[in-house]
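Working through the structure, step by step
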Amino acid sequence: MPPSPVLPDGRLAAGAARLATAHRGRFCAETVQRVITDSHERLAATARVTTHLVVLAERLAAERLDALAHIEGAPGSGLPRALFVCSHNAGRSQLAAALLAHRAQGHVTVSSAGTHPAAAVAPVVAQVLTEAGVPSAKSAFPKPPTDEVVQAADIVITMGCGDTCPVVAGRRYLDWPVADPQSAPIAVVRSIRDAIDAHITELLDSLPSAA
């Protein structure tokens, strides 16, 4: 068995311990440590500000472990899963994830990712969601797609990332051709939000178990 990784930060070790406790009987401590270390490295590769990097690494690792549990058929992991992918995971995919999570009311597991993650979610995303009565997740952050999350998704919705989007055989794929809100006027971002919301309605209609 390969040695456990040396965690680069004591806070990261504490996060690994929390995740190992949450997944006791499902994943060994070494698996949890490898996932959180890899998550930290992936986020550090694109981070401009590292103040909250350890916290974000723990959140990404938690999402990946949950996805891995779903892949392995763990009890309680059977909700439909949707993954939104765009280029930067700062605008369109974040809007879509927030809208679906709000409207599905816990009946769909929602993830988002970017093929070239930005440093932060665009502030205008929270603004237009709040205007529509949708609580934007303050914990949302740009992150790359990982094998576990992609493989666990029942449906992958691409939004402008083209040929760089991940492809897994057997998954249902949709492409929503909506404009990029980056640097767009607020009125345009609102129209993008509404266009995505219309797609969300169609998606929910195709997922009867999410109703």
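Residues numbered from 1 in each chain as written. Predicted model: local features only at pLDDT ≥ 70, side-chain atom pairs only at ≥ 80, totals over all residues. Heavy atoms only, no water.

Looking only at helices and strands, one finds seven helices and four strands in the chain. Each helix and strand of the chain, placed in order from N terminus to C terminus, yields the pattern α-α-α-β-α-β-α-α-β-β-α. A buried classification covers 44% of the 211 residues belonging to the chain. When contacts within the chain are restricted to residue pairs at least 6 apart in sequence, those whose partners lie at least 24 apart make up 71%. Entry remark: accessible area of the chain is about 10,400 Å², with carbon and sulfur atoms responsible for 55%. (Helix = DSSP H or I, 4+ residues; strand = E, 2+ residues; numbered from the N terminus. Buried < 20%, exposed > 50% of the residue type's maximum accessible area, 1.4 Å probe, protein only. Contact = heavy atoms within 4.5 Å. Areas by Shrake-Rupley, 256 points an atom, 1.4 Å probe, with all protein chains shown as cover.)

So, about the environment of Arg 92. Mapped onto the secondary structure, Arg 92 falls in helix α4 (residues 92-104). By relative accessible area, which is 8% here, Arg 92 ends up buried. Leaving out residues up to four positions away in the same chain, Arg 92 has contacts with Cys 86, Ser 87, Met 159, Gly 160, Val 178, Ala 179, Asp 180, Pro 181 and Ile 196. Of note is the side chain of Arg 92, whose polar atom sits 3.2 Å from the backbone oxygen of Met 159. (Polar contact = N/O pair within 3.5 Å; in protein donor to acceptor, adjacent residues only side chain to side chain.)

Time to look at α4. For α4, which comprises 13 residues, the first-to-last C-alpha distance of 18 Å matches the rise-based estimate of 18 Å (1.5 Å per residue) to within 8%. The buried count for α4 comes to 10 of 13 residues, which makes it a mostly enclosed element. Along α4, the residues that are buried comprise Arg 92, Ser 93, Gln 94, Leu 95, Ala 96, Ala 97, Ala 98, Leu 99, Leu 100 and Ala 104. Check the buried side of α4 and you find it contacts β1 (81-86), β2 (109-114), α5 (123-131) and α7 (186-205). (Expected span 1.5 Å × (residues − 1).)

In this section: the pattern of salt bridges. Within this structure, the stated rule accounts for 10 salt bridges. A salt bridge links Glu 58 to Arg 18; its shortest N-O distance comes to 2.8 Å. Of this pair, Glu 58 sits in helix α3 (residues 53-71) while Arg 18 sits in helix α1 (residues 10-22), and the two are 40 residues apart along the sequence. Judged by relative accessible area, which is 17%, Glu 58 ranks as buried. Of the charged contacts, one joins Arg 193 and Asp 194 as a salt bridge, the two residues approaching to 2.9 Å between their closest N and O atoms. A relative accessible area of 9% means that Arg 193 is categorised as buried. Classification of Asp 194 as partly exposed rests on a relative accessible area of 43%. (Salt bridge = Lys/Arg side-chain N within 4 Å of Asp/Glu carboxyl O.)

Here we have four strands laid out as an open sheet, ordered β2-β1-β3-β4, and parallel in their pairing. Only two strands of the sheet have a single partner each, and these edge strands are β2 and β4 (172-175). Taking each pair of neighbouring strands and ignoring which way they run, the sheet shows an average axis angle of 20°. Pairing analysis gives six bridges linking β1 to β2, with the strands arranged parallel. (Pairing = 2+ DSSP bridges. Axes fitted to C-alpha atoms, helices over the stretch in contact; angles between N-to-C directions.)

With that settled, the discussion passes to the environment of Val 35. Looking at the element boundaries, Val 35 is found in helix α2 (residues 29-44). For the pair Val 35 and Arg 64, spaced 29 residues apart in sequence, the C-alpha separation works out to 7.6 Å.

For the rest of this paragraph, the subject is unusual backbone geometry. Peptide bonds are, in most cases, trans, and in most cases residues other than glycine have a negative phi. You will see that Asn 89, though not glycine, has its phi angle at about 55°, which is positive. Tracing the backbone through its elements, the reader meets Asn 89 in the loop between β1 and α4. Assessed through its relative accessible area of 0%, Asn 89 is described here as buried. The phi angle at Ser 183 is positive, at roughly 65°, despite the residue not being glycine. Take Ser 183: it is sitting in the loop between β4 and α7. Taking the relative accessible area as the measure of exposure, Ser 183 reaches 75% and is therefore exposed.

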